[in-house]
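So you can see what is in the structure, the chains are spelled out below.
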Amino acid sequence: MERLVSILNDLKPLPKGAILNCPADLGPSFYLFFNYPSGEVLTVTVASAGCRLTDNSRLIAFNGKSELAAIMALLR
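Residues numbered from 1 in each chain as written. Predicted model: local features only at pLDDT ≥ 70, side-chain atom pairs only at ≥ 80, totals over all residues. Heavy atoms only, no water.

Trainee: Any details on the layout of surface pockets? Residues and values, ideally.
Mentor: In this model, the largest pocket occupies a volume close to 370 Å³. Along the walls of the largest pocket sit 18 residues, with Leu8, Asn9, Leu42, Val44 and Asn56 positioned nearest its centre. Every element with two or more residues in the lining of the largest pocket is listed here: helix 1 (2-10), strand 2 (41-47), strand 3 (53-55) and strand 4 (60-62). Sort the elements by how many residues they give to the lining of the largest pocket and helix 1 lands first, with 3 residues. Across the lining of the largest pocket, the residue classes break down as 11 nonpolar, 3 polar and 4 charged. (1 Å grid on protein atoms, 1.4 Å probe; cavity = no way out; pocket = protein on both sides within 12 Å on 5 of 7 lines; lining within 4 Å. Points joined across faces, edges and corners; volume = space filled by probe spheres on them. Helix = DSSP H or I, 4+ residues; strand = E, 2+ residues; numbered from the N terminus. Nonpolar A, V, L, I, M, F, W, Y, C, P; charged D, E, K, R; others polar.)

Printed below as a string of structure tokens:
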């Protein structure tokens, strides 16, 4: 879990107002749920195709090929 959180935290957020031109999104998305001691639950969506974005509703970041491969390996 620590490795997964580290990868997600190291992703570089997209700049505000970024315009994306993504290929067809034909791959799966993964929904990760993080529970915090405060009772907050944060949902992180990791898209494996298309723009390959990770979104936690506060920040959106691009998944590079190496980051996506590492995330996918940890989710298996």
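That covers the picture; the talk isn't over yet.
Trainee: Got a sec to walk through the side chain of Asn63? Specific residues and values, please.
Mentor: Locating Asn63 in the fold gives a position in the loop between strand 4 and helix 2 (65-75). Exposure remark for Asn63: the relative accessible area of 0% places this residue in the buried category. A distance of 3.4 Å separates a polar atom in the side chain of Asn63 from the backbone oxygen of Ala47. A distance of 2.5 Å separates the side chain of Asn63 from the side chain of Thr54, its partner in a polar contact. Residues contacting Asn63, with those up to four places away along its chain left out, are Leu11, Val46, Ala47, Arg52, Leu53, Thr54, Leu68 and Ile71. (Buried < 20%, exposed > 50% of the residue type's maximum accessible area, 1.4 Å probe, protein only. Polar contact = N/O pair within 3.5 Å; in protein donor to acceptor, adjacent residues only side chain to side chain. Contact = heavy atoms within 4.5 Å.)

Bear in mind that shape data such as this cannot, by itself, settle questions of function.
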